[in-house]
Amino acid sequence: MDELLYWVWLSLCFQSGSDKPNQLLMDFDSPEEFYQNGRTSMEEIEYLTDVERSKIERTSLERAEFVIKECKRLQIQMIPFDDPLYPLHLKDIYAAPLVLYAMGSLEELEGRVLVTVVGTRNASEYGKRVTGNICYELARAGAVVVSGCALGIDGYAHLGALKGGGRTIAVMGCGLDVNYPSAHHDLKQQILKRGGALISELPPGTEPSPAIFPVRNRIMAGMSLGTLVTEAPEQSGSLITAQHALDQGRDIFCVPPHDIYNPDFCGVIRYIRDGATPVFCAKDILAEYLSAYSHTLDVEKLLDSYSGGKGAKQTQQDPPKKEKAPVAAQKNAPAKPPVLEPEEDISKKPEPPKNLDKNERIVYDCLEFKPRVVDEIAAKSGLETKDVLAVLTTLEVKGYAYSCSGSRYGLLNK
């Protein structure tokens, strides 16, 4: 407890993204030693600024004690830099966080392939689909998907990993008790239920701000062996994450954009030109790690995803096929995600599950097997479109709905 108190105290003395705490720990054996012996001689520490010295003097142990009590109340785990649970890859980065706040499990990550997946919040249907499919495949093969739980690409990365039955880690840009983004509240709960984790370097109560996210992105990149950018404009936080990955000596993977002339999606082009690995499926990523991580990657499941075999995947955007392709077509056509939509049969529509809340029940009742556009579902439900989208994401996570191109959603026929 005493050791943790000083780790938390020192982390509160500096802004997120500062490497000064790590420099201090090169000169002092521990945060406690700096607190006891270093504060009186801070004028001699040349790399500290006057502002930093002032903040160290103003930050009290009582403030750290309050944070620890809040974490206990909220059931948030505190993982200092010297804790065995602290992710090994993250220790190597510049300005590694002194303390990680975590909910869920960070156990058994050593020896696993972690892949960070990032992209624009304003994702296209192509971007959503390809992100979900690739993360589904990564998870099935035993990789752990890391992302930022933002709207758009991040959300589909987590969702794809969950549908693949794998673990996924969300690196938050706020305190873990802050409901942000509110539309992903249920997604975060599913991440925890499926054995994943939510982590942050920020103590409870810290609200998100534009300045936090670029700094947060270094953690996203640092957690993983490589970073995949699926869709991003030329100026975006996703490319900041990619640059962090490059600076940290990690691999860069990019999905070629569906429109190379669209400024909203062409940010990956320069990385591909500079040697980033173009990705068309999860195999393009995992091929880099199969030899070193064969003990934690399930190669058979990975290959099965492309062979159309017994365990072949169903994508998150498209419902299960009900019809088989002609034999000749099966022999000649390469394996690809199913695209047939189920035929509508109102008479077989199941009763709403009992675990739905009020809004989920309303939206569920408006869904049909044949997909409908979001605006049509919203008009039928009487709810605002943004609320309907949030509920649809929850229903999709729970396995009751599916999404497909054109912002359409339908009831999953189980």
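As shown above, the structure is provided for reference.
Reading the values: rules and limits
Residues numbered from 1 in each chain as written. Predicted model: local features only at pLDDT ≥ 70, side-chain atom pairs only at ≥ 80, totals over all residues. Heavy atoms only, no water. Pairing = 2+ DSSP bridges. Helix = DSSP H or I, 4+ residues; strand = E, 2+ residues; numbered from the N terminus. Contact = heavy atoms within 4.5 Å. Axes fitted to C-alpha atoms, helices over the stretch in contact; angles between N-to-C directions. Core = buried A, V, L, I, M, F, W, Y, C linked by side-chain atoms within 4.5 Å. Buried < 20%, exposed > 50% of the residue type's maximum accessible area, 1.4 Å probe, protein only. Arc of directions from axis to C-beta. Phe/Tyr/Trp six-rings, centres within 6.5 Å; stacked < 30°, edge-to-face > 60°. Right-handed = clockwise from strand over helix to strand, strands pointing away.

### Regarding the sheet that holds strand S9 (residues 277-278)
Link 1 in the chain: Spatially, the 9 strands line up as an open sheet ordered S1-S2-S6-S5-S4-S3-S7-S8-S9, and their pairing is mixed. Every other strand in the sheet has two partners, leaving strand S1 (77-80) and S9 as the edge strands with one partner each.
Link 2 in the chain: Relative to strand S2 (residues 99-104), helix H1 (residues 2-12) is tilted by about 110°, and along the sheet it contacts S1 and S2.

### Points about the nonpolar core
Link 1 in the chain: Formed by 41 residues in total, the largest nonpolar core has its most connected members in Val 8, Trp 9, Leu 24, Phe 34, Ile 56, Met 78 and Tyr 101.
Link 2 in the chain: Counting only elements with at least two residues in this core, the list comes to H1, helix H3 (31-38), helix H5 (61-74), S2, helix H8 (153-163) and helix H9 (185-193).
Link 3 in the chain: With 8 residues, the top contributor of residues to this core is H1.
Link 4 in the chain: Discounting chain neighbours no more than four positions away, the residues touching Leu 24 are Leu 10, Phe 14, Phe 34, Ile 45, Tyr 47 and Leu 48.

### Some thoughts on helix H17 (residues 374-381)
Link 1 in the chain: Buried within H17 are the following residues: Val 374, Ile 377, Ala 378 and Ser 381. Projected down its long axis, H17 carries its buried residues within an arc of 100°, all on one side. Among the exposed residues of H17, those oriented more than 90 degrees off its buried face are Asp 375, Ala 379 and Lys 380.
Link 2 in the chain: In this fold, the buried residues of H17 make contact with helix H16 (358-366), strand S10 (372-373), helix H18 (385-397) and strand S12 (408-411).
Link 3 in the chain: At the C-terminal side of H17, Gly 382 shows a positive phi close to 80°.

### Description of the packing of aromatic side chains
Link 1 in the chain: Per the counting criterion, the structure on display carries 9 aromatic pairs.
Link 2 in the chain: Arranged with centres 5.4 Å apart and planes meeting at 55°, the rings of Tyr 6 and Tyr 35 form a pair that is tilted. Of this pair, Tyr 6 sits in helix H1 while Tyr 35 sits in helix H3, and the two are 29 residues apart along the sequence.
Link 3 in the chain: Its relative accessible area of 16% is what places Tyr 35 among the buried residues.

### Let's talk about the sheet that holds S12
Link 1 in the chain: On the basis of which strands lie adjacent, the open sheet formed by 3 strands has the order S10-S12-S11 and antiparallel pairing. Strands with a single pairing partner mark the edges of an open sheet, and in this sheet they are S10 and strand S11 (401-404).
Link 2 in the chain: Note that S11 and S12 share 4 bridges and pair antiparallel. When the sheet's bridge partners are listed, Cys 404 is paired in S12 with Arg 408.

### Side note on the pairing of strand S8 (residues 251-254)
Link 1 in the chain: Here strand S7 (residues 226-231) pairs with S8 via 4 bridges, running parallel. Looking at S8, one finds that Thr 227 is bridged to Ile 252.
Link 2 in the chain: As for the winding sense of the linkage, the β-α-β connection from S7 through helix H11 (residues 237-247) to S8 is right-handed.
Link 3 in the chain: In the sheet, S8 pairs with S9 via 2 bridges, with the strands oriented parallel. Across the sheet, residue Phe 253 finds its bridge partner in S9, namely Thr 277.

Any functional reading would require information beyond the geometric quantities listed.
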